[in-house]
Amino acid sequence: MNVVEWMQSHRRSILFLIAILALGGLAASFRLPVALFPHVDFPRVEVKLEAGDRPAERMAIEVTRPVEEAIRSVPGVRSIRSTTSRGSADISINFDWGEDMVAAMLQVESAINQVLPRLPRGTSFTVRRMDPTVFPVLAYSLTSDTHSLVELRDLALYQLRPLLSTVKGVAKVGVQGGAEEEYEVMIDPAKLDALGLSIDDVARALSAANVIKAVGRLEDHYKLYLVISDTRFQSLKEIKETIIRAGKNGLVRLDDIATVRRGTAPQWIRVTADGHDAVLLLIYQQPRGNTVEIAKEVKKKLAEFRKHLPLGIKIAKWYDQSELILSAAGSVRDAVLIGLLFAALVLWLFLRNLKMTFIAAVLVPSVLAATIILLYVLHMSFNIMTLGGLAAAVGLIIDDMIVMEEHIVRRLGELANQQLGIATAVRELSRPLAGSSASTTIIFAPLAFLSGVTGAFFKALSLTMAASLLISFFVAWLGVPILANHLLTQKDAEKERPGRWASRFYERYESFMKSIMARSWLIIPVLLILVGIGWIAYHRLGSGFMPKMDEGGFVLDYRAPSGTSLTETDRLLRQVEMILQETPDVETYSRRTGLSLGGHITEANEGDFFVRLKPPPRRDIEAVMEDIRGRIERRVPGLEIEMAQLMEDLIGDLTAVPQPIEIKLFSDNGTLLRKLAPKVAEEIRKIPGVVDVRDGIVLAGDALVIHVDRDRAALEGVDPEWVTRMLSYYLGGAVTTQIQKTPKMVGVRVWIPSHLRDTASKVEALRLRAPDGHLFPLRRIARVEVLTGQPQIMHEDLKRMVAVTGRISGRDMGSVIRDVKRVLNRPGLIPKGVYYELGGLYRQQQIAFAGLLAVFVSAVLLVFLLLLFLYESFRMAIAVMATILLSLAGVFVGLWITHTEINISSMMGLTMIVGIVTETAIFYLSEYRLLPRHVPYKTALILAGRNRLRAVAMTTVAAILALMPLALGIGQGAAMLKPLAIAIISGLCLQLPLVLVVLPALLALIKREYQTG
C-alpha cells in the first residue's frame, strides 16, 4: 500500500482528527492567559541595604564592599553593580540567562546572611528578583475634596486592598500616598522645665499607661481563665489624662504640659493625580497571570464596591495594561483575518475555483487552531509575540496549501482523470513539500540557543511559527488531497486550461528565458548591480534595539537639584502638572514625589509621573513627548527630566539600565570622576538627537551634623547616646505607644512644636535636662555643622565608576552611538587613568545582534545542509544559496525605503526570508527533476520555470498580502512586528525573479550532466 492508498483508506479518521484539532484549538483559545509579552525570568536580583545615616564613603567600605564580595561567591553571577549613598546602597546582580532565579535569589540571601554579623549593627537588607510582575499592571487613584487623606488611605488599605487581593492572579495590591493617622503630643518645653520634667519622662509615662498583658491563669468553678491586665487608652481624653508625675503637690497630667490632638505621621512624600492629592492603588499580577481577566475582575469588583463608596470620593483608573494588550491583540487578530481574506482572494483569482478556495479557507484556520493547542500544552500565553507568530505564519501556511492545490489542479488538467490526477500530484509533491517545510522550520532551530532579551521574546514567536509550519505540512499533505478528492469532479478537471492572458504570459516568459539562457553570463553584472544597491542600502540603514511602539502612555522621571525641599519640589512639579493639563493629548496622569512607580522610596527631590494619553486619533506619542519635554525645559529650569514609554522603561529597568546611551567611566580616583562626568555630559548633550542627559553625579540632600563633644557631655553628666535619644524626641518625635483603632493601630508621637526646631540656630538652642535635673543648651556640648550633600558612589564589579546617560529622540541608535564614540575619542577629553565602556540599551543591542547574527549564519548552514541532503549536489546547493543571499539585498532596500531600522525584529525577518526563498527554490528544482530525461538541459530549466510560474506568483502575492497589515503597522500590537513584516515582504518582492530567472541562469552557468536523481 503506497501513501496515496493509505491516505484514501484513512480519509475519515484524518479529516476527523483535523476537525478535532480545530475545535480543540478554538476551546483552548478561551483558556489561554493573555499578556503583553511572554513570561520571562530576567536573570537579575536586586539587593537593598540600609545602615542608618553613615556617610557614603564609610557606607561603601563598611557595608557595600563586604556584601559585594560575599555575593561574588554565588554560582552563576555574571556582574555586580552597586550604588551607595548616605546610609543606603542598592546592589544589582546579573546572572547568566537560563539560571534558576528563585534558587539564585535564595543563594544571594544566604551569602548576605553569612556576612551580616560582621556588618555594622542595625544593618538590614531586602532581596527581590526582577521580572515584569514587579511593576503594576493596573492602577487607580482615590481623590476627594471632602474627605481627608487619612480616610482615603484607610479606605484603600482596609477595604479596597482586601477586596482586590481576592482576584485570581493578583500577587499584591500596593498603596501609595495618603496620610497615616497619629495622636500628636506637642510638649511645651517651658512648662516641662518649670515642673522639672524631661521629654523622656513623658514618653515613659505614656508607654507605661497603655499596656495589655497576660499576668497569669486562674482555675475557678471548673474553668481555666487567662488573667489579663488591660490599661489601654480608649479615647483622646484618656491620653490627655495620663499621669506624668504624682506627689504631695498633686498630679501632673499630660494635658497640663502638652497639647494632645489627632494628626498625621510626618512623611516626605507627595502623591497626586490630575492635580489633586491622592492615594494610589497599584495592582501587581502573579507570574503567568492573565492580565486581561485580572483587569475585568477588578473592574467588576470596583463597580460593585461603588455602591458602598462614601459620597465625595472618586476612584479613577490611570493605568491599565490590559487596554494595550487588547488593542495589540485586536490589531494582530485583524492582521490574521485580513491575511486569510487576501490569501483566499489570491487563490480564487489565480485558480478560478471556489472549491479549492474553500479548502484553503477551511484548512488554514484549522492549522492556526491546532497551533493554539500546542501553546496551551506548553503553558504559553496569547501575547504580542505568539499572536504575531500566528499572523506572520499565515502567509507561509497558505504557501503550502497553494502549492499543493495548484499542483493538483494542474495535474487534473493534464490527466483529465480526478483520481489519477490527485494521486499523481500527491506522489510527486510529497518529497518537495517535506523539504520545503523543513527549510522554513529549521531556521528556527538556532533560536533555541539564543539568550538575552532577544531570545526571551522571540523564542515564543519562533516556537509558534515553527509549530504552525510543521502542522501546516501535514494538513497540506493529507487534508488538501482528501478534501479535493471529495469536492472536485471531472468538470473541475476539464476547466483547468490556461486562458488567453495566461498563455500569452507563459509564451513571453519562455521567450525571455531563451534569450537569457543564450547569454547566461550577462546575469552576473545584473547581480553585481543588485548586490551593490543592497550594500549601499545596508550602510544607510539606522539601527535600534526594540521596535518603537505607541503604548498610549509614558513615564516622566524628574529630579530637582540635590537638597531641594519637598515643598519647593512640589512647587516646581505643580508647574509641570499645568503643562500636562494644557496638553490636549493627555487624558490623565499621576505623580509620585519621594516614591517611584516601582514602589522604591527615593529622595524628596525626585520621583516620576505616569502620563496616559487619549486614544487615537491624536499626535504620535514621540511628538507629544518631545513637545512636553521642550515646554518643561523652557518653563521649569533646573528640573532634570527623562521620558520613556512604560514598556521601554520596564525592559530597561529589568536589564539594569533603561537608557539607550550609557557611558561608564572607570577610575580609582573618585574626585577625578566627579570632575570628568559633567564635561562628558556637556559634550554628549551637543550631539543632535541626544536628550535627557545626566552626568551620573547624584548628591544626597544637605545635612545638619551634630558633633557631640564627649568631654563636655561628660561634665554635664550625659553621654552621646543619651544626647542622640533626646534629639530624636525633639526633632523627629518618638512613637512611644500605639492605640488599637479597629482595624489599625494608631501611634502616639511625642515631640515639640515645629517653630522651636525649624532652623539650625534653634536646634543649637534646644534645652536638655540632664539626669540630675539641671538644664543646659545643646550648643554647650555640641557643634552643629551644615554638610553639603555627598555624591553617590557607584561600583561595577568592585571598580569605581560613574555612568553618564542619555536618551535618543528623532534619530536611530546606531548613528547616535557613532557620534558618541567620535566625541569620546577626541584627544584630551578622557584623561589618562580613566577608561570607558558603553552600556545601556546599546550594550543590549550589541548582545542581541551578535546572537541574531549567529542564528542567521546557523540558519544558512542548516539550509545548505538540507539542500545537499535533498540533491547531493554542491553546484545545485551553491546556486540556490546564491539566490537566497541575493534576496537579502531586497530586504535591505525595503528597510531603507520605508525608513525602518535594523533591530531585533527586522533581523528576525532577515533570517526568515532565507527559509522562505529556499522553500520556493525547492519547489522549482522538484519540478525540474520531474521532467523527462530526454528534455535538453536548458529547455528543462525553462519548462520548470514555466510550470512553477503560477504557483510561485500565487504564493508570493498571497504571502505579501497576508503580511501587509503587519507591515502597515495597523494597530498598537502590529508595531512590534512591523519591521519583521517589512523585511519579509521586501525579500518576497525579489523572490519570483530570483527563483524563476536568476536561479535557472545560475544553474545554466554551472552546467552539469542532467540526472533525474
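Treat the numbers as computed from the prediction; the structure is a model and nothing was measured.

A look at the overall build of the protein chain
Counting its secondary structure elements, the protein chain contains 31 helices and 31 strands. The principal-axis extents of the C-alpha atoms in the protein chain amount to approximately 130 × 85 × 55 Å. Counting over 1013 residues, the protein chain shows a buried share of 57%. Here the contacts in the protein chain between residues at least 6 apart in sequence split such that 79% fall between residues at least 24 apart. Surface accessibility of the protein chain: about 44,300 Å² in total, with carbon and sulfur atoms responsible for 58%.

A short note on the sheet that holds strand β15 (residues 279–285)
Spatial ordering of the open sheet is given by β6-β15-β5-β16, a layout of four strands whose pairing is antiparallel. Edge positions in the open sheet fall to β6 (170–177) and β16 (313–320), since each of these has one partner strand only. Between one strand axis and the next, the sheet turns by 20 degrees as a mean value, whatever way the strands run. One ladder, built from five bridges, connects strand β5 (residues 138–144) with β15; its direction is antiparallel. The partner of leucine 142 across the bridge, within β15, is valine 279. Against the sheet, helix α10 (residues 291–305) contacts β5, β6, β15 and β16, and its axis sits at roughly 25 degrees relative to β5.

Details of the packing of helix α19 (residues 566–582) against helix α20 (residues 621–635)
At a closest axis distance of 10 Å, the pairing of α19 and α20 adopts a crossing angle of 145 degrees. Between α19 and α20 the crossing geometry is right-handed. Every residue of α20 that contacts α19 at Gln575, Val576, Ile579, Leu580 and Glu582 is listed here: Ile628, Arg631, Ile632 and Arg635. Tallied by class, residues from the contact of α19 with α20 come to five nonpolar, one polar and three charged.

Description of the nonpolar core
Grouped burial of nonpolar side chains is what soluble globular proteins tend to show. One finds Met401, Phe457, Ile663, Leu665 and Val680 to be the most contacted residues of the largest nonpolar core, which totals 219 residues. Broken down by element, the residue count for this core peaks at 20 residues, all from helix α31 (residues 974–1005). Excluding residues within four positions of it along the chain, leucine 665 makes contact with Leu673, Leu676, Ala677, Val680, Arg800, Met801, Val802, Val804, Ile830, Val834, Tyr835 and Tyr836. Core analysis: the next-biggest nonpolar cluster, separate from the first, contains 41 residues, Tyr183, Tyr729, Leu768 and Leu778 among them.

Thoughts on the sheet that holds strand β20 (residues 640–645)
Taken in spatial order, the six strands make up an open sheet running β14-β13-β18-β19-β17-β20, and their pairing is antiparallel. Looking at the sheet topology across the chains shown, the edges are occupied by β14 (276–277) and β20. Bridge analysis of strand β13 (residues 270–273) against β14 gives two bridges, and the strand direction is antiparallel. Along β14, the bridge assignment pairs threonine 272 with aspartate 277.

Thoughts on the packing of aromatic side chains
Applying the stated criterion to the full structure yields eleven aromatic pairs. Aromatic pair phenylalanine 864 and phenylalanine 874: ring centres 6.2 Å apart, planes at 40 degrees, arrangement tilted. Highlighted residues: phenylalanine 864 in helix α27 (residues 840–871) and phenylalanine 874 in helix α28 (residues 874–897), separated in sequence by ten residues. For phenylalanine 864, a relative accessible area of 21% puts it in the partly exposed group.

What to know about α19
For α19, spanning 17 residues, the distance from its first C-alpha to its last is 24 Å, which sits close to the expected 24 Å at 1.5 Å a residue. All buried positions along α19 are accounted for by Leu566, Thr569, Asp570, Leu572, Leu573, Val576, Glu577, Ile579 and Leu580. Taken down its axis, α19 places every buried residue within 165 degrees of arc, on the same side. Lining the buried residues of α19 we find β13, β17 (553–559), β18 (586–593), β19 (606–613) and α20.

Concerning unusual backbone geometry
Following proline 616, the chain continues to proline 617 via a peptide bond in cis, the omega torsion being 10 degrees. Along the polypeptide, proline 617 turns up in the loop between β19 and α20. In this structure, histidine 221 takes a positive phi of about 55 degrees despite not being glycine. Relative to the helices and strands, histidine 221 is located in the loop between β8 (212–220) and β9 (223–230). A relative accessible area of 65% places histidine 221 in the exposed class.

Focus: the pattern of salt bridges
Applying the stated criterion across every chain yields a total of 60 salt bridges. Glutamate 182 serves as the salt-bridge partner of arginine 749, at 2.8 Å between the closest nitrogen and oxygen. Taken as a pair, arginine 749 in strand β25 (residues 744–751) and glutamate 182 in strand β7 (residues 181–187) lie far apart in primary sequence, 567 residues in all. Across this residue pair, the class does not change: arginine 749 and glutamate 182 are buried. Across the pair arginine 694 and glutamate 642 runs a salt bridge whose closest N-O atoms are separated by 3.6 Å. Taken together, the residues span a long stretch of sequence, with arginine 694 in strand β22 (residues 690–694) and glutamate 642 in strand β20 at a distance of 52 residues. Taken together, the salt bridges that share partners define one network made up of Arg270, Asp277, Asp570, Arg574, Glu577 and Arg591.

Quick look at the side chain of aspartate 200
Counting through the fold element by element, aspartate 200 comes out in helix α7 (residues 199–209). The buried category is assigned to aspartate 200, whose relative accessible area is 9%. Within the structure, aspartate 200 has its side chain in polar contact with the side chain of arginine 725 (distance 3.2 Å). The contacts of aspartate 200, once residues within four sequence positions are left out, are Arg725, Met726 and Tyr729.

Some details on the packing of helix α2 (residues 11–29) against helix α15 (residues 452–487)
Contact geometry for α2 and α15: axes closest at 10 Å, N-to-C directions at 120 degrees. Note on packing geometry: the crossing formed by α2 with α15 is left-handed. Where α2 abuts α15, its residues Arg11, Ile14, Leu15 and Ile18 lie against Leu478, Gly479, Ile482, Leu483 and His486. Counted by class, the contact of α2 with α15 contains six nonpolar, two polar and one charged residues.

Focus: the pairing of β16
Among the eight residues of β16, six are classified as buried, and the element is accordingly described as predominantly covered. Of the strand pairs in this sheet, β5 and β16 are connected by seven bridges, and their pairing is antiparallel. Note that in β16 the partner of threonine 143 across the bridge is lysine 314.

With respect to a negative patch on the surface
On the surface, a cluster of negative charge is made up of Glu238, Glu241, Asp255 and Asp256. Following the sequence through the fold, aspartate 255 ends up in helix α9 (residues 254–257).

Quick look at the domain arrangement of the protein chain
Annotation of the protein chain at the domain level lists domain 1 (1–31 + 352–497), domain 2 (44–129) and domain 3 (501–540 + 873–1012). A straight line from the C-alpha centre of domain 1 to that of domain 2 covers 53 Å.

Some remarks on the side chain of threonine 84
Take threonine 84: it is sitting in strand β2 (residues 77–85). Judged by its relative accessible area of 0%, threonine 84 is buried. A polar contact is formed between the side chain of threonine 84 and the side chain of threonine 64, at a distance of 2.9 Å. Not counting the four nearest positions on each side in its chain, threonine 84 is found in contact with Ala56, Met59, Ala60, Thr64, Ala89, Pro791, Gln792 and Ile793.

A word on the environment of threonine 898
Assignment of secondary structure puts threonine 898 in the loop between α28 and α29 (904–930). Within the local environment of threonine 898, its side chain forms a polar contact with the backbone oxygen of leucine 895, the two atoms lying 3.3 Å apart.

Section: the confidence of the model for the protein chain
Counting all residues, the mean pLDDT for the protein chain is 86, and 96% of those residues have values of 70 or more. Ranking the elements of the protein chain by mean pLDDT puts helix α16 (residues 490–495) last with 61 and helix α5 (residues 149–165) first with 94. Across residues 1008–1013, confidence stays below pLDDT 50; counting only partners more than four residues off in sequence or on other chains, it has twelve contacts.

Structural notes on helix α11 (residues 321–351)
Helix length check: α11, at 31 residues, gives a terminal C-alpha distance of 45 Å against a target of 45 Å (1.5 Å per residue), a fit within 8%. Count one or two residues on from α11 and you reach arginine 352, which has phi positive near 55 degrees.

Quick word on the environment of leucine 119
Within the secondary structure, leucine 119 is located in the loop between α4 (101–115) and β4 (124–129). Measuring from C-alpha to C-alpha, the distance between leucine 119 and proline 66 comes to 8.0 Å, with 53 residues separating the pair along the chain. Those residues in contact with leucine 119 that sit more than four places away from it in its chain are Glu62, Val63, Pro66 and Val67.

Comments concerning a nonpolar patch on the surface
Together, Leu345, Trp348, Leu349, Phe350, Leu354 and Val957 make up a nonpolar patch on the protein surface, roughly 520 Å² of accessible area in all. A relative accessible area of 31% places phenylalanine 350 in the partly exposed class.

The rules behind the values
Residues numbered from 1 in each chain as written. Predicted model: local features only at pLDDT ≥ 70, side-chain atom pairs only at ≥ 80, totals over all residues. Heavy atoms only, no water. Helix = DSSP H or I, 4+ residues; strand = E, 2+ residues; numbered from the N terminus. Buried < 20%, exposed > 50% of the residue type's maximum accessible area, 1.4 Å probe, protein only. Contact = heavy atoms within 4.5 Å. Areas by Shrake-Rupley, 256 points an atom, 1.4 Å probe, with all protein chains shown as cover. Pairing = 2+ DSSP bridges. Axes fitted to C-alpha atoms, helices over the stretch in contact; angles between N-to-C directions. Left-handed = near helix turned anticlockwise from the far one by under 90°. Nonpolar A, V, L, I, M, F, W, Y, C, P; charged D, E, K, R; others polar. Core = buried A, V, L, I, M, F, W, Y, C linked by side-chain atoms within 4.5 Å. Phe/Tyr/Trp six-rings, centres within 6.5 Å; stacked < 30°, edge-to-face > 60°. Expected span 1.5 Å × (residues − 1). Arc of directions from axis to C-beta. Salt bridge = Lys/Arg side-chain N within 4 Å of Asp/Glu carboxyl O. Polar contact = N/O pair within 3.5 Å; in protein donor to acceptor, adjacent residues only side chain to side chain. Patch = residues over 30% accessible without salt bridge, like charges linked within 9 Å, V, L, I, M, F, W, Y side chains within 5 Å. Lys, Arg positive; Asp, Glu negative; His and termini not counted. Charge placed at Lys NZ, Arg CZ, Asp CG, Glu CD. Domains from an automatic or database assignment. pLDDT = per-residue confidence, 0-100.

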